[in-house]
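Here is what each chain is made of, one letter per residue.
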Amino acid sequence: MMDKERSREDLLKEIEDLKILEQELKQNLEEEKKRHSEAEEALKKSEQQARALIKAVPDLIFRMNSSGVYLDYKANREDLYYQAESIIGKNNRDITPVEFADLVEQKTRQTLKTRQMQVFEYHLHLGENSEPNEYEARMVPSGPDEIIAIVRDITSRKKSERDLLIRETNVRTIIESSPNYLCLIDVDGMVIDCNQTLASSCGLSPTEMTGRCIFDFLPQDEIDTRRKFVKNVFEEGKPVVGETIILGRSVRYFIHPILNEKGIVIRVTVHAYDNTEHKAARKSLRENEEIFTRFLENSPIYVFFKDVNIRPIKLSRNYESLLGKPIEEILGKTMVELFPSDLAENMVKDDLKVLRERNILKVEESFNGRLYSTIKFPVIIDDVPKYLAGYTIDTTEQSLAEKALRENEEKFKKVYAEGTLPIAMLNGDFRFVSANQVFQDTFGYSEDELKEMTFKEITHPEHLAKDMDNLGLLLQRKIDIYHTEKRYITKNKEIVWGKAQVSIVRDSYNEFLYFLVMINDITSYKLAESEIKNKNRELEKLNAEKDKFFSIIAHDLRSPFNSFLGLTEIMAEELYSMRLDEIQRIATDLKNSANNLYHLLENLLEWSMVKRGIKPFNPTHLILKKLITENLLTVSESVRKKSIKLYTDVPEYLSLSADENMLGTIVRNLLSNAVKFTPKGGRISVRTNEPDDTTIELIIEDNGIGMDEKMKNTLFDLSGHNNRTGTEGELTTGLGLLLCKEFVEKHKGSIRVESEPDKGSTFIVKLKR
């Protein structure tokens with residue numbers, strides 16, 4: 001029973017608990033419904049806010065699955081090609097260009113694979129003729145098979161970036177191309193940036209300059225001062241201008257502050273340029289101004305500057321003496337106030353013409369009884385005539401001199417045209433400028449022909465070097481006049497002797513105009529002088545021959561006669577006491593002396609006849625070997641006594657046309673000489689040679705004592721003293737060889753000798769057949 005009651009109580013309790021649970025469940029359900037409703041409301045509100053936010057965002061947003069199908073799409077009317085109603089549910093590849101579809105597909109795959117945001121840029125044409133728009137896309141995964149992309153139109157930004165880059169490039173180009181020094185520094189002077197000009201001047205590149213202290217490149221004694229300048233700019237925010245010396249060059253610099261938005265100096269720019277030439281130019285300008293002032297103070301000519309109103313604003317000091325007033329009382333005056341009215345009126349007229357026409361004008365004027373020449377010209381500044389300038393020269397003396405010169409020129413022209421001497425003028429290249437008629441007649445050329453020639457072409461070559469040297473001295477003013485006697489060559493190749501006088505004609509400034517050449521024809525005088533010289537030479541030769549003749553008679557005949565007289569005296573006084581062999585020896589010596597005397601007298605006689613022109617010349621046909629054999633007999637005794645070997649090699653057939661006596665004399669003398677100067681046991685040969693069909697050479701060769709060069713050169717000359725004795729004391733006169741030369745030349749032939757001391761001699765006689 002108790003168990004039943006307990007079960008009932010438990011059941012009631014359970015039912016009560018269930019009711020409580022049900023109540024709690026209902027309450028929880030209500031709360032859950034309320035929370036769900038609130039969540040739905042919040043979600044709806046959030047979605048509304050998100051959509052409002054998305055709608056407010058200017059970017060294009062779309063959702064796409066991995067197949068490229070648009071699931072959602074939001075765009076402004078001007079974006080892309082399509083709007084949401086025409087693109088959702090369609091495949092991207094079906095509605096966009098191929099290259100864009102490929103790009104979206106590639107980026108979608110990459111986003112879903114990496115599960116990371118992909119950022120990329122692209123461009124699309126919104127119209128056929130429009131410029132492409134540029135876009136930036138950000139693509140993120142939105143589930144296992146979807147992506148969301150946000151696309152922003154960056155066309156304007158890209159254009160701004162490009163414009164900014166162009167401006168930066170232009171500015172940098174200007175900075176880099178500037179010849180001035182440019183840099184950006186901080187408060188400590190550290191270089192933040194600089195141009196190439198500054199870096200190169202320091203031997204570095206702009207990159208290497210960055211981070212370097214600009215003060216390290218200044219002179220040591222200026223660093224502190226320049227640091228203070230920079231510090232003041234940072235503290236006060238005011239620019240600074242100054243000058244310094246860098247690497248020996250004068251540099252002018254400008255330091256400007258750069259402020260931030262709070263007005264604080266954060267860095268400064270330094271702009272500097274090489275001021276060396278500018279300073280030098282300013283110095284030169286000051287010097288030129290000083291020179292100009294001194295020139296005006298001391299100018300010998302009248303220098304003036306006038307304004308456009310024709311009033312003097314600057315004058316040389318000598319205008320005071322010209323006008324009789326101080327400069328201060330002349331400046332600013334009108335021409336009428338300074339000069340006579342007629343002259344002043346012409347001056348103003350000419351001055352205005354110069355300014356109007358912008359031309360140089362030269363005028364001749366007269367003032368106070370003197371003549372003046374004035375040059376006027378405009379001073380043009382910025383293409384506008386600002387001033388009139390010029391100078392005036394007192395030409396009174398020059399005009400008088402020119403008048404006298406014209407009169408002298410007229411006189412010269414008269415002498416030039418009507419004179420009897422050849423006269424010509426040459427330019428600085430020695431070419432004929434003109435020549436009078438006498439000159440043309442003398443040398444056979446017309447004036448036109450001469451103008452195409454130089455004086456060298458009519459001058460004998462032997463005189464050219466001397467002429468050129470002296471013409472050079474004339475040009476150098478080392479001599480005033482050049483006098484010379486020389487030979488000229490006419491057009492017909494004839495020689496004309498002239499006594500020439502050359503001077504320089506100069507202009508009024510003493511500058512070269514031309515050479516003036518005057519020639520006195522002395523050809524007849526020179527021919528007479530040459531004839532006299534020839535006669536004198538002939539007389540000298542005749543005197544020498546006469547002296548030689550008397551020398552032979554006085555000296556060369558005396559020795560043989562003395563020997564002959566001595567022998568006859570011995571025979572007259574001692575004949576009866578002498579043995580037969582002694583008488584025989586003296587008789588032989590007498591015979592030899594007589595032969596020598598006869599030979600000498602024979603040569604003297606023949607030489608005398610030749611010189612007097614009475615030696616007959618009778619050429620006949622001769623057999624040469626026969627003539628040589630006959631004349632060998634004259635030396636056979638001497639050859640035998642000296643045991644000389646004598647060889648002959650003369651063909652039997654050899655013949656020629658010659659005077660028999662003269663040719664015999666030639667052979668005898670040459671053989672006699674060969675025997676005399678050949679020692680005992682020596683050798684002599686006589687042979688012939690035939691160089692051609694018309695010539696015969698007779699060659700007489702010995703191996704005797706020979707002769708030196710000096711003797712060879714005077715062997716056939718009267719002035720030579722070649723009468724030396726033979727190897728056995730034989731006497732000689734030298735006359736025989738002179739006769740040989742005379743007789744050979746009579747036959748139109750030649751004779752020469754080849755010889756060396758102690759090696760014998762060879763005489764070669766060349767004759768025509």
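Please refer to the structure higher up on the page.
Residues numbered from 1 in each chain as written. Predicted model: local features only at pLDDT ≥ 70, side-chain atom pairs only at ≥ 80, totals over all residues. Heavy atoms only, no water.

J.: A description of the pairing of strand β13 (residues 361-367) should follow, citing residues and the corresponding values.
T.: Regular strands have side chains that alternate between both faces of the sheet. What you see with β13 is a clean split: Leu 361, Val 363, Glu 365 and Phe 367 sit on the buried side and Lys 362, Glu 364 and Ser 366 on the side with no burial. Bridge count between β13 and strand β14 (residues 370-381): seven bridges; the pairing is antiparallel. In the strand pairing of β14, Leu 361 is matched with Lys 376. What sits between the antiparallel neighbours β13 and β14 is a turn of two residues, in which Asn 368 has the positive phi angle 55°. (Buried < 20%, exposed > 50% of the residue type's maximum accessible area, 1.4 Å probe, protein only. Helix = DSSP H or I, 4+ residues; strand = E, 2+ residues; numbered from the N terminus. Pairing = 2+ DSSP bridges.)

J.: Can you tell me about the sheet that holds strand β17 (residues 432-435), naming the residues and giving the values?
T.: If you walk across this open sheet you meet the five strands as β17-β16-β20-β19-β18, and the pairing is antiparallel. In the strand order of this sheet, the two ends are held by β17 and β18 (482-489), each with one partner. Along the sheet, successive strands turn relative to each other by an average axial angle of 30°, direction set aside. When strand β19 (residues 495-506) meets strand β20 (residues 512-521), the two strands line up antiparallel, connected through nine bridges. Paired with Arg 506 across the strands is Phe 512, a residue of β20. (Axes fitted to C-alpha atoms, helices over the stretch in contact; angles between N-to-C directions.)

J.: A description of the pattern of salt bridges should follow, citing residues and the corresponding values.
T.: Taken as a whole and assessed by the stated rule, the structure comprises 37 salt bridges. With a shortest N-O distance of 3.9 Å, Glu 121 and Arg 157 are connected by a salt bridge. Of this pair, Glu 121 sits in strand β3 (residues 118-124) while Arg 157 sits in helix α5 (residues 155-177), and the two are 36 residues apart along the sequence. Looking at Glu 121, the relative accessible area reads 42%, which means it is partly exposed. Classification of Arg 157 as partly exposed rests on a relative accessible area of 37%. One salt bridge connects Arg 317 with Glu 297, and the closest N-O pair in it is separated by 2.8 Å. One end of the pair, Arg 317, is in the loop between β12 (312-315) and α10 (319-323); the other, Glu 297, is in helix α9 (residues 276-298), and 20 residues separate them in sequence. For Glu 297, a relative accessible area of 33% puts it in the partly exposed group. (Salt bridge = Lys/Arg side-chain N within 4 Å of Asp/Glu carboxyl O.)

J.: Break down the nonpolar core for me, citing the residues and quoting the values.
T.: Leu 663, Leu 670 and Phe 763 are the most contacted members of the largest nonpolar core, which totals 39 residues. Of all the elements in the fold, those that place two or more residues in this core are α21 (624-632), β23 (655-659), α23 (660-676), β24 (683-692), β25 (695-702), α25 (735-746), β26 (750-755) and β27 (761-768). Here this core gets eight residues from one element, more than from any other, and that element is α23. Not counting the four nearest positions on each side in its chain, Leu 670 is found in contact with Ile 700, Leu 737, Cys 740, Ile 751, Phe 763 and Val 765. Phe 215, Leu 218, Val 251 and Tyr 253 belong to the second-largest nonpolar core, a separate cluster that totals 25 residues. (Core = buried A, V, L, I, M, F, W, Y, C linked by side-chain atoms within 4.5 Å. Contact = heavy atoms within 4.5 Å.)

J.: Residues and numbers for a nonpolar patch on the surface, please.
T.: The grouping of Met 117, Val 119 and Val 140 at the surface amounts to a nonpolar patch, some 230 Å² of accessible area in total. Tracing the chain through its elements places Val 119 in strand β3. Judged by relative accessible area, Val 119 falls into the partly exposed class, the value being 42%. (Patch = residues over 30% accessible without salt bridge, like charges linked within 9 Å, V, L, I, M, F, W, Y side chains within 5 Å. Areas by Shrake-Rupley, 256 points an atom, 1.4 Å probe, with all protein chains shown as cover.)

J.: Can you tell me about the packing of α23 against α25, naming the residues and giving the values?
T.: The contact between α23 and α25 brings their axes to 9 Å, and the two run at 145°. For α23 against α25, the interelement crossing comes out left-handed. Facing α23, whose interface residues are Met 662, Thr 665, Ile 666, Asn 669, Leu 670 and Asn 673, α25 presents Gly 736, Leu 737, Cys 740, Phe 743, Val 744 and Lys 746. Across the contact of α23 with α25, the residue classes tally to seven nonpolar, four polar and one charged. (Left-handed = near helix turned anticlockwise from the far one by under 90°. Nonpolar A, V, L, I, M, F, W, Y, C, P; charged D, E, K, R; others polar.)

J.: I'd like to hear about the sheet that holds β14, residue by residue, with values.
T.: Spatial strand order, β12-β11-β15-β14-β13: five strands in an open sheet with antiparallel pairing. Every other strand in the sheet has two partners, leaving β12 and β13 as the edge strands with one partner each. Averaged over all neighbouring strand pairs, the angle between strand axes comes to 25°, with direction disregarded.

J.: Before we move on, could you go through the environment of Leu 654 and cite the residues and values that matter?
T.: Looking at the secondary structure, you find Leu 654 in the loop between β22 (645-649) and β23. Sequence-wise, Leu 654 and Leu 622 are 32 residues apart; in three dimensions their C-alpha atoms are separated by 8.7 Å. Every residue in contact with Leu 654, bar those within four places of it in the chain, is listed here: Leu 622, Ile 623, Leu 624, Thr 688, Glu 690, Ile 696 and Arg 769.

J.: Could you give me a rundown of the packing of aromatic side chains, with the residues and numbers involved?
T.: Applying the stated rule across the entire model yields 16 aromatic pairs. Here Phe 292 and Phe 305 contribute two aromatic rings whose centre-to-centre distance is 5.6 Å and whose plane-to-plane angle is 75°, an arrangement assigned as edge-to-face. Placement of the pair is Phe 292 in helix α9 and Phe 305 in strand β11 (residues 302-306), with a sequence separation of 13 residues. Accessibility expressed as a relative area gives 30% for Phe 292, which makes it partly exposed. One aromatic cluster is present, formed by Phe 100, Phe 120, Tyr 122 and Tyr 135 through successive ring pairs. Just above the ring of Phe 304 sits the side chain of Lys 306; from NZ or CZ to the centre is 5.0 Å. Directly above the ring of Trp 497 sits Lys 526, whose terminal nitrogen or CZ lies 4.6 Å from the centroid. (Phe/Tyr/Trp six-rings, centres within 6.5 Å; stacked < 30°, edge-to-face > 60°. Lys NZ or Arg CZ within 6 Å of the ring centre and 35° of its normal.)

J.: Describe the packing of α21 against α23, with residues and values.
T.: For the pair α21 and α23, the least separation of the axes is 9 Å and the interaxial angle reads 50°. Overall, the two elements α21 and α23 adopt an arrangement that is oblique. Considering how the two elements wind past one another, α21 and α23 form a crossing that is right-handed. Note on element contacts: α23 touches α21 through Glu 660, Leu 663, Gly 664, Val 667, Arg 668 and Leu 671, opposite Leu 624, Leu 627, Glu 630, Asn 631 and Leu 632. Class assignment of the residues belonging to the contact of α21 with α23 gives a composition of six nonpolar, two polar and three charged. (Parallel < 35°, antiparallel > 145°, perpendicular 65-115°, else oblique.)

J.: Before we move on, can you summarise α23 with the specific residues and values?
T.: Given a rise of 1.5 Å per residue, 17 residues ought to cover 24 Å, and the 24 Å separating the end C-alpha atoms of α23 matches this to within 8%. In terms of burial, α23 is largely enclosed, as 15 of its 17 residues are buried. One side-chain oxygen of the residue at the start of α23 lies 3.1 Å from the amide nitrogen of Asn 661, identifying that residue as Asp 659. (Expected span 1.5 Å × (residues − 1). Polar contact = N/O pair within 3.5 Å; in protein donor to acceptor, adjacent residues only side chain to side chain.)

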